[in-house]
Amino acid sequence: MRDLNSNSAAMSGDLLAWYDVHARGMPWRVGPAECTAGNRPDPYKVWLSEVMLQQTTVAAVRDYFLRFTSRWPTVSDLAAAADAEVMAEWAGLGYYARARNLLKCARLVAVGFGGAFPDNYDDLLKLPGIGPYTAAAIASIAFNRPETVLDGNVERVMARLHDIHEPLPGVKPVLKAHAAELTPSLRPGDYAQAVMDLGATICTPRNPACGICPWREHCAAQNAGTAAELPKKTPKKPKPTRSGIVYLAKSADGTWLLERRPDKGLLGGMLGWPGSEWSDAPCPNPPFEADWQETEGEVRHTFTHFHLMLRVMTAELPAGFNQNAAQELIPSRDFRPSSLPTVMRKAFELFQGR
DNA sequence: CAGGCGTGGAT
DNA sequence: TATCCAAGCCT
């Protein structure tokens, strides 16, 4: 194995050559050939895709990205959209704070910066929903600045390249330093995408394809036979199971009762069914007195930090029901289950299929 | 700074 | 079925 420090320029060159051939095509990407020809990607699309991709797979993001850019082609279009429309379009993608911050950020950029995103790491980092990773990704990919992206892919690649056995997240600064050492001043945007593509397609969490890796001759873990067990991570706490109840009510003339959830907390800002708290001790508290019927079966859903068992109660919504400020009465023809977060959509589907 | 915050696919 | 994990951010 060669000395990594004196070899970083050659290594990034090897990776870029690999990327020129193997770059994955994505709707928000400008391929390496066009990029070299001077065509930069649209910062709006880079930003939007990067926010959607936070902790989310490429496969899940693709359709959402196409719908968003079709409906709101520029950051100013998005900034002018109603909150409820954007939340509904985001429904199902998860981590709904991203959508709220997306709108905040779009309005800041549209109103404060005349529709132009900041073109450097420090200013991008100040915007809501943009952290160290996303700021580096936008600065490098959209503006060709030599910033270093450090996502889960890059962490894994660096941990293996240097055979680092200390666990994440503690060892993150070390990995960041190694990643920075390899970042080239030429084509940093392509390099950022290349190193993530490497992690996503070759240097994968399980069964890494070391035999065809452009960095195999430089990889300490490949040399030591430890690649597949890296990176180490501190063990996670087990998820508790909580339970709750949702109340689905439709009036005789076909109007559903839904409720806008507060911005803070789980599923914040999203529409959902009225219901109990989700805790270890469920205490049913229906939105009105009625002969509530329990739907057979239950919804099982897993969030980031707990499992949920959800009972689904139904009743007819009385005529002239007086809703509170958070509640909305939605006629059947306007009701789209796809505009609900997945757990709420599951409750509706259990009721539909009863 | 450790925990809150979604979802679906792979194993 | 249970667990892991995917282009993290915010508090």
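Just so we're clear, the structure is a prediction, and the values are computed from it rather than from any experiment. (Residues numbered from 1 in each chain as written. Chains lettered and ligands numbered in written order. Predicted model: local features only at pLDDT ≥ 70, side-chain atom pairs only at ≥ 80, totals over all residues. Heavy atoms only, no water.)

J.: Explanation requested: helix H7 (residues 97-112) in the structure shown.
T.: Residues spaced three or four apart along an α-helix point in a common direction, a consequence of the helix completing one turn every 3.6 residues. The end-to-end C-alpha distance of H7 is 22 Å, a good match for the 22 Å that 16 residues give at a rise of 1.5 Å each. Turning to H7, its buried residues number three or more, namely Arg-98, Ala-99, Arg-100, Leu-102, Leu-103, Cys-105, Ala-106, Val-109 and Ala-110. Its buried side turned inward, H7 meets helix H3 (43-52), helix H4 (58-71), helix H5 (75-79) and helix H6 (83-90). At the exit of H7 stands Gly-114, carrying a positive phi of roughly 60°. (Helix = DSSP H or I, 4+ residues; strand = E, 2+ residues; numbered from the N terminus. Expected span 1.5 Å × (residues − 1). Buried < 20%, exposed > 50% of the residue type's maximum accessible area, 1.4 Å probe, protein only. Contact = heavy atoms within 4.5 Å.)

J.: What is the right way to look at the packing of aromatic side chains in this model?
T.: Two measures describe an aromatic ring pair: the distance that separates the ring centres and the angle between the ring planes. Applying the stated criterion across every chain, the model contains 17 aromatic pairs. With a centroid separation of 6.0 Å and 40° between ring planes, the pair formed by Tyr-44 and Trp-47 is classed as tilted. With Tyr-44 and Trp-47 both in helix H3, this residue pair falls three residues apart, about one helical turn. Among the residues examined, Tyr-44 registers a relative accessible area of 3% and is labelled buried. Ring geometry for Phe-68 against Trp-72: centres 5.2 Å apart, planes inclined by 65°, an arrangement best described as edge-to-face. Among the residues examined, Phe-68 registers a relative accessible area of 0% and is labelled buried. Residue classification places Trp-72 among the buried positions, given a relative accessible area of 6%. Among the aromatic residues, ring-to-ring pairing joins Trp-256, Trp-273, Phe-335, Phe-348 and Phe-351 into one connected group. Note that Arg-242 overlies the ring of Phe-306, its terminal NZ or CZ placed 4.2 Å from the centroid. One Lys or Arg, Arg-261, reaches over the ring of Trp-278 and ends 5.4 Å from the middle of that ring. (Phe/Tyr/Trp six-rings, centres within 6.5 Å; stacked < 30°, edge-to-face > 60°. Lys NZ or Arg CZ within 6 Å of the ring centre and 35° of its normal.)

J.: Got a minute to help me understand the domain arrangement of chain A in this structure?
T.: Split into domains, chain A comes out as domain 1 (4-229) and domain 2 (241-352). Each of domain 1 and domain 2 was reduced to a C-alpha centroid, and the two centroids are 36 Å apart. Opposite the eight residues of domain 1 that make contact, domain 2 presents twelve residues. A buried area of about 730 Å², summed over both sides, lies between domain 1 and domain 2, and 57% of it is on carbon and sulfur atoms. (Domains from an automatic or database assignment. Buried area = accessible area lost by both parts, 1.4 Å probe.)

J.: What should I look at first to understand the nonpolar core in this one?
T.: Generally speaking, soluble globular proteins have nonpolar side chains that are buried together. Counting 100 residues, the largest nonpolar core has Trp-47, Met-158, Val-195, Trp-215 and Trp-273 as its most contacted members. When residues of this core are assigned to domains, at least three fall in each of domain 1 (4-229) and domain 2 (241-352). Apart from residues lying up to four places away in sequence, Trp-47 is in contact with Val-75, Leu-78, Leu-102, Cys-105, Ala-106, Phe-117, Ile-130 and Ile-138. (Core = buried A, V, L, I, M, F, W, Y, C linked by side-chain atoms within 4.5 Å.)

J.: Can you help me understand the protein's contact with DNA strand C in this one?
T.: Inspection of the region around DNA strand C gives 24 residues, with Glu-50, Gly-129, Asp-151, Asn-153 and Pro-205 positioned closest. Backbone atoms, meaning sugar and phosphate, make up 65% of the atoms of DNA strand C lying within 4 Å of the protein. Glu-50 places a polar side-chain atom, nitrogen or oxygen, 3.1 Å from a base nitrogen of DNA strand C. Pro-132 places a main-chain nitrogen or oxygen 3.5 Å from a phosphate oxygen of DNA strand C. Residue assignment for the surface near DNA strand C shows that the elements contributing at least two residues are helix H9 (132-141) and helix H10 (152-161). (Near = heavy atom within 4 Å. Polar contact = N/O pair within 3.5 Å; in protein donor to acceptor, adjacent residues only side chain to side chain.)

J.: Mind showing me how you'd approach the pattern of salt bridges here?
T.: Side-chain pairs of opposite charge can arise where the charged atoms are in close proximity. As enumerated under the stated definition, the model contains 15 salt bridges in all. Close ionic contact of Lys-126 with Asp-123 constitutes a salt bridge, the shortest N to O distance being 3.1 Å. In this structure Lys-126 comes out as exposed when scored by relative accessible area, which is 65%. Measuring nitrogen to oxygen at the nearest pair gives 3.6 Å for the salt bridge that ties Lys-232 to Glu-229. Residue classification places Lys-232 among the partly exposed residues on the basis of a relative accessible area of 30%. Look at the salt bridges and you will find they share partners, linking Arg-67, Arg-71, Glu-85 and Glu-89 into a network. (Salt bridge = Lys/Arg side-chain N within 4 Å of Asp/Glu carboxyl O.)

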